[in-house]
Amino acid sequence: MNFDLTSEQEMIRKMIREFADAEVAPGAYERDKTKEFPIEPFRKLAEMGIMGLPFPEEYGGGGADTVSFAIVVEELSRACGSTGITYSAHISLGGAPINLFGTEEQKREFLTPICTGESFGAFGLTEPNAGSDAGGTQTTAVEKDGQFVINGSKCFITNASYAKHLALTAITDQKDGKKEISAIIVPTDAKGFKIIDNYEKMGLNASNTTELVLEDVYVPTENLLGKKGEGFKQFLITLDGGRIGIGAMAVGIAQAAYEKALQYAQERKQFGRSLSQFQAIQFKLADMALKIELARTMVYKAAWLKDQGRKFSKEASMCKLYASEICMEVTSQAVQIHGGYGYMKDYHVERFMRDAKLLEIGEGTSEVQRMVISREIGC
Amino acid sequence: MNIYVLLKRTFDTEEKITISGGKINEDGAEFIINPYDEYAVEEAIQVRDAHGGEVTVITVGGEDAEKQLRTALAMGADKAVLVNIEDDVENGDQFTTSKIISEYLKDKNADLIIGGNVAIDGGSGQVAPRVAELLNIPYVTTITKLEIDGTNVKIVRDVEGDSEVIETTLPLLVTAQQGLNEPRYPSLPGIMKAKKKPLDELELDDLDLEEDDVAAKTKTIEIFLPAQKEAGRILNGDLSDQVKELVQLLHTEAKVV
Ligand SMILES: Cc1cc2nc3c(=O)[nH]c(=O)nc-3n(C[C@H](O)[C@H](O)[C@H](O)COP(=O)(O)OP(=O)(O)OC[C@H]3O[C@@H](n4cnc5c(N)ncnc54)[C@H](O)[C@@H]3O)c2cc1C
Ligand SMILES: Cc1cc2nc3c(=O)[nH]c(=O)nc-3n(C[C@H](O)[C@H](O)[C@H](O)COP(=O)(O)OP(=O)(O)OC[C@H]3O[C@@H](n4cnc5c(N)ncnc54)[C@H](O)[C@@H]3O)c2cc1C
């Protein structure tokens, strides 16, 4: 048993923590208001080789492990949740499926620009009528003369406006009345492909969330990702990895809220004493510290299992579920400790609370995580 | 060009300093590359990239300093040297460190040696100039600009906010002041490669030095924290009474008049 990070992991943490404090945090408040995508921090992250962090060096990646990925997501999210989700989706939804299921050709063509940061990574699964029940996919891809003709729509897709191509799921066949779902890589500049960026969100305002509309979009059949009919299986595997990212995001946002609350409690005086001298507040802060520590440990465990090549579905679900729920609690308590000031934007904690809510919804809701865990424990 | 950087592992500037048993408490503290030495590493890398050659980072300290050396390697330095004195030297001072470094460097044909202007812990600013003296080469401290043309060097140095322009030649030692450059973040490929770069570990023996050769020239008598700042006091009442009270307090309480 060894709880130490490796020297690489530690160097990555130090580097990304300093970067997040200096380059990401200062604009976070403003970006939340203006909804401006954090393009400048990402340009620098690309220069530093972070955009391809866990992918093989032969495609321009960094060859680092999942623990390092979790560390980077946590630190970016601590500074700015929108930057955190953008990065997490870029790697775990955008790059990972191509790395896992792509052919050599596809990796060269589609993974390389993701690693260099030339393109953001995105993944189109959710549809207006298919969320938790992704089997309800209605988008179709019909084979015709060596091409897929794709029709349908997707909703809530992260990063698509900044992606040069993305994988999406579509029905490619019907067998015995059962849908056959496959994943297909589609260039975002294809004719008939519209990306609409006008959601009014509760939080994560600077992240890019889009609707995709596909009308007779033609792509060559070589763009099939993985095996035909295995789209469903593939995205379940993809989401397992993504959940580690969401868990790490939750730990980062919770950590930011906790640090603000602790500092405020030490400075704010009421009844002649600082808030941190009231046991009621001390216990809140102690609970926050405790929950964050547990959540981080679970995130690291899931990431470590993945790095060892072991089964990690259950742990990924557990870390995602636990971390996102404690993140909601911690951010809410951070607002509480700030009193009326916490309700004001200037104090940042209300932003953390709004950003946190998505974590209980995206990449499988808390209910879906409980379904996954129940299945894993043999219910 | 053969470039050496003098690097020290120091306390993080954000750390709260506490003293126990007459020593600064190091338990659980974060350690970093001395910030001025970070400018030195950055400058060395830039000079190497412009003029070719190799950057070697050297530190005198203990096993723990490997982390800071690896970080410098991750930023882009080529090689690192750790002179481990943990077992040989109990209480070193600036003489100790500069003696060891100069012994190491004396046959290395260094063209350029860059150090930080001062280490933020001890704050003496002595080690680098002493190394230059011992090697008998010129040195310029607190530089904010470095231009190298063949063996001619043009330097801008900071003199308490003003600038002084100096011309000199290689081989040379300089110390970095804030403003010299903007140290880069180590890149991910840099971090992944750092482990594979050479890091030599030496002891006094390897430099043909005895403990006596490097024994400290100074002795630390006491280490203490500055007195805690007390809340200010506002005097009230008649102005002339206030003046009287103030003089009285300065005399009896503050004991400054
Ligand atoms: C900001 C943002 C970014 C996103 N990014 C992406 C992306 O990049 N790619 C992508 O494909 N999708 C993305 N999504 C979509 C996200 O994954 C879905 O919103 C999520 O899976 C939930 O689906 P839904 O919204 O349709 O909710 P529904 O599935 O309609 O769920 C509504 C509620 O019912 C509950 N529920 C549903 N089924 C059950 C059940 N069987 N038992 C108990 N309770 C149940 C759910 O838990 C939830 O509480 C994003 C969403 C958001 C908000
Ligand atoms: C939208 C809005 C509208 C408002 N409207 C009005 C208005 O119309 N008129 C008006 O007068 N005020 C108004 N307020 C102010 C509101 O009543 C105060 O914000 C509230 O009473 C809390 O005070 P505070 O913000 O100073 O927090 P603080 O008193 O600083 O409290 C901070 C935290 O410390 C806790 N705390 C404080 N003391 C103790 C203790 N002894 N033991 C344990 N915990 C403690 C609190 O419960 C809280 O969690 C408004 C506030 C908002 C946000």
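Computed from a predicted model, the values in this text were never measured in an experiment.

(A) Representation of the pairing of strand 5 (residues 178-187) of chain A in the model. Residues and elements named next belong to chain A. For strand 5, the buried fraction is high: seven of the ten residues fall into the buried class. Strand direction decides the pairing type here: strand 4 (residues 165-175) and strand 5, joined by ten bridges, are antiparallel. Looking across to strand 5, one finds that Ala170 is bridged to Ser182. In this structure, the hairpin formed by strand 4 and strand 5 is closed by a connection of two residues, where Asp176 is found at a positive phi of approximately 45 degrees. Judged from the two bridges that link them, strand 5 and strand 8 (residues 224-225) form a sheet pairing that is antiparallel.

(B) Representation of the pattern of salt bridges within the structure. Residue and element names in this part refer to chain A. Tallied over the entire structure, the rule returns 39 salt bridges over all chains. Taking the shortest distance from any N to any O, the salt bridge between Arg17 and Glu75 comes out at 3.1 Å. Of the two residues, Arg17 is situated in helix 1 (residues 7-34) and Glu75 in helix 3 (residues 66-79); the sequence distance between them amounts to 58 residues. According to the relative accessible area criterion, Arg17 is partly exposed, its value standing at 35%. One salt bridge in this structure joins Arg354 and Glu350, with 2.8 Å as the shortest N-O distance. Of this pair, Arg354 and Glu350 both sit in helix 10 (residues 349-357), four residues apart, roughly one helical turn. Its relative accessible area of 15% is what places Arg354 among the buried residues. Judged by its relative accessible area of 13%, Glu350 falls in the buried class. Through salt bridges with shared partners, a single network forms among Glu143, Asp173, Lys175, Glu180 and Lys228.

(C) Quick peek at the domain arrangement of chain B. Segmenting chain B into domains produces domain 1 (2-214) and domain 2 (227-257). Computed from C-alpha coordinates alone, the two centres of domain 1 of chain B and domain 2 of chain B are separated by 48 Å.

(D) Looking closely at the site of ligand 1. Residues and elements named next belong to chain A. What surrounds ligand 1 is a group of 16 residues, the closest being Thr126, Ser132, Phe156, Thr365 and Glu367. In this structure, a nitrogen atom belonging to ligand 1 sits 2.7 Å away from a side-chain N or O atom of Thr158. Within the side chain of Thr365, one N or O atom sits 2.6 Å away from an oxygen atom of ligand 1. Of all the secondary structure elements, the ones that give two or more residues to the shell around ligand 1 are strand 3 (147-158) and helix 11 (366-376). At three residues, the largest contribution of residues to the shell around ligand 1 is made by strand 3. Taken together, the residues of the shell around ligand 1 break down into eight nonpolar, six polar and two charged. Residues lining the shell around ligand 1 come from more than one domain, with at least three contributed by each of domain 2 (123-230) and domain 3 (233-376).

(E) Highlighting the site of ligand 2. Residues and elements named next belong to chain A. Around ligand 2, the neighbouring residues are Arg268, Gln270, Phe271, Leu275, Phe278, Ala280, Ile281, Gln336, Ile337, Gly339, Gly340 and Met344. Here Arg268 contributes a side-chain N or O atom positioned 2.6 Å from an oxygen atom of ligand 2. Here an oxygen atom of ligand 2 and a backbone polar atom of Gly340 are 2.7 Å apart. For ligand 2, whose accessible area on its own is 970 Å², the fraction buried by protein is 45%. Contributions of two or more residues to the shell around ligand 2 are made by helix 7 (279-307), helix 8 (313-337) and helix 9 (339-342).

(F) How the structure looks around the domain arrangement of chain A. Residue and element names in this part refer to chain A. Taken domain by domain, chain A comprises domain 1 (7-116), domain 2 (123-230) and domain 3 (233-376). Measuring from the centre of the C-alpha atoms in domain 2 to the corresponding centre in domain 3 gives 31 Å. On the side of domain 3, eleven residues touch domain 2, which itself brings 14 residues to the contact. The largest per-residue losses of area from domain 2 upon contact with domain 3 belong to Met202, Leu204 and Glu230, which jointly make up 53% of the total buried on that side.

(G) Structural context of a nonpolar patch on the surface. Residues and elements named next belong to chain A. Nonpolar side chains collect at one region of the surface, where Tyr341, Tyr343, Met344 and Tyr347 lie side by side and expose about 460 Å² of accessible area between them. Among the structural elements, Tyr343 can be located in the loop between helix 9 and helix 10. Look at Tyr343 and you get exposed, because its relative accessible area is 68%.

(H) Geometry of the interface of chain B and chain A. Tallying the contact residues gives 14 residues for chain B and 18 residues for chain A. Of the roughly 1,400 Å² buried where chain B meets chain A, counting both sides, 68% is carbon and sulfur surface. At the boundary of chain B with chain A, the tally comes to two salt bridges. Glu8 of chain A is the salt-bridge partner of Lys195 of chain B, the closest N and O atoms lying 3.8 Å from each other. Taken together, the elements giving at least two residues each to the side of chain B that touches chain A come down to helix 2 (66-75) and helix 5 (188-194) of chain B.

(I) Structural context of helix 7 of chain A. Residue and element names in this part refer to chain A. Here helix 7 contains 29 residues, and its C-alpha end-to-end distance of 42 Å stays within 8% of the 42 Å for a straight helix at 1.5 Å per residue. Taken as a whole, helix 7 has its buried residues at Ile281, Leu285, Met288, Ile292, Ala295, Arg296, Met298, Val299, Tyr300, Ala302, Ala303 and Leu305. Note on helix 7: the residue one or two positions beyond its end, Gly309, has a positive phi of about 75 degrees.

(J) The arrangement of the UniProt feature "domain: Acyl-CoA dehydrogenase/oxidase N-terminal" (unreviewed entry) in chain A in detail. The feature "domain: Acyl-CoA dehydrogenase/oxidase N-terminal" (unreviewed entry), as annotated in UniProt, sits at residues 6-118 of chain A in this numbering. Across residues 6-118 of chain A, the secondary structure splits into 75% helix and 0% strand, with the terminal C-alpha atoms separated by 30 Å.

(K) Quick look at the sheet that holds strand 13 (residues 199-202) of chain B. All names here are of chain B. A sheet is described by the order of its strands in space; here nine strands give the open sequence 11-10-9-12-8-1-6-7-13, paired in mixed fashion. Bordering the open sheet on either side are strand 11 (162-169) and strand 13, each of which pairs with just one other strand. Pairwise comparison of adjacent strand axes, ignoring direction, gives a mean angle of 30 degrees for this sheet. Across five bridges, the pairing between strand 1 (residues 2-6) and strand 6 (residues 54-61) is parallel. Pairing of Tyr4 across the sheet is with Thr56, part of strand 6. This element, helix 4 (residues 127-135), spans strand 1, strand 8 (112-116), strand 9 (139-149) and strand 12 (172-176) of the sheet and lies at about 180 degrees to strand 12.

Reading the values: rules and limits
- Residues numbered from 1 in each chain as written.
- Chains lettered and ligands numbered in written order.
- Predicted model: local features only at pLDDT ≥ 70, side-chain atom pairs only at ≥ 80, totals over all residues.
- Heavy atoms only, no water.
- Buried < 20%, exposed > 50% of the residue type's maximum accessible area, 1.4 Å probe, protein only.
- Helix = DSSP H or I, 4+ residues; strand = E, 2+ residues; numbered from the N terminus.
- Pairing = 2+ DSSP bridges.
- Salt bridge = Lys/Arg side-chain N within 4 Å of Asp/Glu carboxyl O.
- Domains from an automatic or database assignment.
- Near = heavy atom within 4 Å.
- Polar contact = N/O pair within 3.5 Å; in protein donor to acceptor, adjacent residues only side chain to side chain.
- Nonpolar A, V, L, I, M, F, W, Y, C, P; charged D, E, K, R; others polar.
- Areas by Shrake-Rupley, 256 points an atom, 1.4 Å probe, with all protein chains shown as cover.
- Contact = heavy atoms within 4.5 Å.
- Buried area = accessible area lost by both parts, 1.4 Å probe.
- Patch = residues over 30% accessible without salt bridge, like charges linked within 9 Å, V, L, I, M, F, W, Y side chains within 5 Å.
- Expected span 1.5 Å × (residues − 1).
- UniProt positions renumbered as here; feature names shortened; annotations may be inferred.
- Axes fitted to C-alpha atoms, helices over the stretch in contact; angles between N-to-C directions.

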